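# Observations on the model geometry
So the chains spell out like this:
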Amino acid sequence: MQHISTSETDLKVAKINQATFKKEVHILGAKDKIAIRKLFQDAGITCPPNNDIFPYSNDFLNKLKTLATNISGDAPRLEVINIDFIREIENKEGNERLLDILLQKDVLHSRFIDWTAKAKLVSAREPQWTLLADLINHAPDEPEMEQLKRETAAIRDNRLLLQEPDLIQPILTAITDKLLAILNKRKVQYNAVYDMHMVDLQDNIYFKKLTPEQKTQHLCQISIAGKAGDPNSGRPCIAQPTEQGFAGQLGYQNCSIAGQFQSAFEDAVLLSAPQAKTYSLPRKTISNQAEIDNYVTALKTELEALLKESSSIILK
C-alpha cells in the first residue's frame, strides 16, 4: 500500500486540483504518531487524536523559535541562539519532517522545557534590569557608586540576566538605598533654602502690603504654596519613594527656588506699587578699576532717570 501526502491543510474539493501530492517514503507507525502527539501536547498544543499531526508541527516549531527569540539577543540577554536545526526540520515536508522530529524528540523537548523556564526569568528580570539601568544613569559620580556601576556593567557585558542566583535585585536594592540617602539630603537642602527665601519674602515691605488673598493667589501661581492659606505647604516632604519614582525626584535644584521667589517678589512690587519699573542690569566684561567706575556712573545715571518716572525699580 502506498502513502501520499500534501502540504495543503484545508483539502476541500475545490482545492484538490491546486494541491500538490507526493509519495511518502517515510512511514510512521501508530506508536510514532502517539510519541509526536505527546511532544506537541507537552508544549501546550492541542492535537486531537483523529487529526493529521503534520500541521501541528508548524505550531510546535514556531513556539520553539519564539522562545529562542525571547531569551536571547541584546545584552544582558543570552547571545542569539542558533536555530538552524529548527529551520532544517521546517524545510522538510510530510512524514519526513515528522520522522526528523521523532528522531530529535528528546532534544526538542529538552530545549522547550529549558527555554520556557528561561523565558519566564527574562519576563521577571528584564523590567528590573531596565529600572536598574535607568537608576545607574542618575547615580552621581561618587566612590560609593562606582562599585555598583561596575557590577551593573558586568551583568550587561557578560550577559548575566539569567544568572543564578539573581544578580540584578541585590544591586537594585543597594543603589535604591544610596539614592534615597542622596534624595533625602537634597530635599533637606531644598527645604532649608525654601525656608530662607520664604522668611525674606514674608518680611518684604511690598509683600506685606498685599491682602491675604493676593498673597495666597500669587504664591500658588508660581508653585510656592501647595494649599490655599498655607504658603509653607509648598515644601517637599521627605518620603520613601518607589524605585520607579526616583528618576522624577532626583532633580531638586535650589536655583529654581530663587527664581520662584524672585517672581513672587516682583509680583508683590507690581501690585503694591503699580508704577514700579523693572530694570535688567547690563552685562559687561570689566578688566580694571576705571571700567568699574564708568560702569557704576552710567548705571547710576540710568537708575536715577528711571526712578523719576516710577515709584520703584525692580532690578533683575
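Residues numbered from 1 in each chain as written. Predicted model: local features only at pLDDT ≥ 70, side-chain atom pairs only at ≥ 80, totals over all residues. Heavy atoms only, no water.

## Regarding the overall build of the protein chain
- Assigned secondary structure in the protein chain consists of 12 helices and 4 strands.
- Relative to its full complement of 316 residues, the protein chain shows a buried share of 33%.
- Restricting the contact set of the protein chain to residue pairs at least 6 apart, pairs at least 24 apart contribute 66%.
- When the accessible surface of the protein chain is split by element, carbon and sulfur atoms take 53% of a total near 18900 Å². (Helix = DSSP H or I, 4+ residues; strand = E, 2+ residues; numbered from the N terminus. Buried < 20%, exposed > 50% of the residue type's maximum accessible area, 1.4 Å probe, protein only. Contact = heavy atoms within 4.5 Å. Areas by Shrake-Rupley, 256 points an atom, 1.4 Å probe, with all protein chains shown as cover.)

## Some details on a nonpolar patch on the surface
- On the surface, Ile 286, Ile 292 and Val 296 cluster together to form a nonpolar patch covering roughly 220 Å² of accessible area.
- Following the sequence through the fold, Ile 292 ends up in helix α12 (residues 289-309). (Patch = residues over 30% accessible without salt bridge, like charges linked within 9 Å, V, L, I, M, F, W, Y side chains within 5 Å. Salt bridge = Lys/Arg side-chain N within 4 Å of Asp/Glu carboxyl O.)

## Points about the environment of Ile 136
- Locating Ile 136 in the fold gives a position in helix α5 (residues 105-138).
- In sequence terms Ile 136 and Leu 148 are 12 residues apart; their C-alpha atoms lie 8.2 Å from each other.
- Sequence-distant contacts of Ile 136, that is, excluding residues within four places in its chain, are made with Leu 148, Lys 149, Thr 152 and Ile 175.

## Some words on the packing of aromatic side chains
- Under the criterion given, the structure shown has 3 aromatic pairs.
- With centroids separated by 5.5 Å and ring planes inclined at 75°, the aromatic side chains of Tyr 194 and Phe 261 adopt a geometry described as edge-to-face. Residue Tyr 194 is located in helix α7 (residues 168-203), and its partner Phe 261 is located in helix α11 (residues 254-272); the two are separated by 67 residues in the primary sequence. Each member of the pair, Tyr 194 together with Phe 261, is buried. (Phe/Tyr/Trp six-rings, centres within 6.5 Å; stacked < 30°, edge-to-face > 60°.)

## With respect to helix α6 (residues 143-157)
- The first and last C-alpha atoms of α6 sit 21 Å apart over 15 residues, in line with the 21 Å expected at 1.5 Å per residue.
- The set of residues buried in α6 consists of Met 145, Leu 148, Lys 149, Thr 152, Ala 153 and Ile 155. The buried residues of α6 all sit within an arc of 150° when viewed along its axis, so they share a single face. Exposed and oriented more than 90 degrees from the buried face of α6 are Pro 143 and Asp 157.
- Looking at the buried positions of α6, the neighbouring elements they touch are α5 and α7.
- Positioned one or two residues after α6, Arg 159 has a phi angle of 55°, which is positive. (Expected span 1.5 Å × (residues − 1). Arc of directions from axis to C-beta.)

## Some words on the packing of α5 against α7
- As a packed pair, α5 and α7 sit with axes 10 Å apart at the nearest point and diverge in direction by 35°. Crossing hand, α5 versus α7: left-handed. Only Ile 168, Gln 169, Ile 171, Leu 172, Ile 175, Thr 176 and Leu 179 of α7 make contact with α5, whose side of the interface consists of Arg 125, Gln 128, Trp 129, Leu 131, Leu 132, Leu 135 and Ile 136.
- When the residues that make up the contact of α5 with α7 are grouped by side-chain class, the tally is 10 nonpolar, 3 polar and 1 charged. (Axes fitted to C-alpha atoms, helices over the stretch in contact; angles between N-to-C directions. Left-handed = near helix turned anticlockwise from the far one by under 90°. Nonpolar A, V, L, I, M, F, W, Y, C, P; charged D, E, K, R; others polar.)

## Some details on the pattern of salt bridges
- Counted by the stated rule, this structure contains 15 salt bridges.
- Lys 38 serves as the salt-bridge partner of Asp 42, at 3.0 Å between the closest nitrogen and oxygen. You can see Asp 42 and its partner Lys 38 sitting in helix α1 (residues 30-42), 4 residues apart, about one turn around the helix.
- With a relative accessible area of 38%, Asp 42 lands in the partly exposed category.

## Details of the packing of α1 against α5
- Two elements in contact, α1 and α5, have axes separated by 10 Å at closest approach and are oriented at 5°. What the angle tells us is that α1 and α5 run roughly parallel. Packed against α1, whose contacting residues are Ala 35, Leu 39 and Asp 42, the element α5 presents Lys 105, Leu 108, His 109 and Phe 112 at the interface. (Parallel < 35°, antiparallel > 145°, perpendicular 65-115°, else oblique.)

## What to know about the nonpolar core
- Formed by 46 residues in total, the largest nonpolar core has its most connected members in Phe 40, Phe 60, Leu 108, Trp 115, Leu 132 and Ile 175.
- Apart from the residues within four sequence positions on either side, Ile 175 is in contact with Leu 132, Leu 135, Ile 136, Ala 139, Met 145 and Leu 148. (Core = buried A, V, L, I, M, F, W, Y, C linked by side-chain atoms within 4.5 Å.)

## Observations concerning the side chain of Arg 77
- Turning to its location among the elements, Arg 77 is positioned in the loop between α2 (54-71) and α3 (84-90).
- A distance of 2.8 Å separates a polar atom in the side chain of Arg 77 from a polar atom in the side chain of Glu 126.
- The contact partners of Arg 77, leaving out residues within four places of it in the chain, are Thr 69, Asn 70, Ile 71, Ser 72, Val 122, Glu 126, Arg 159 and Leu 161. (Polar contact = N/O pair within 3.5 Å; in protein donor to acceptor, adjacent residues only side chain to side chain.)

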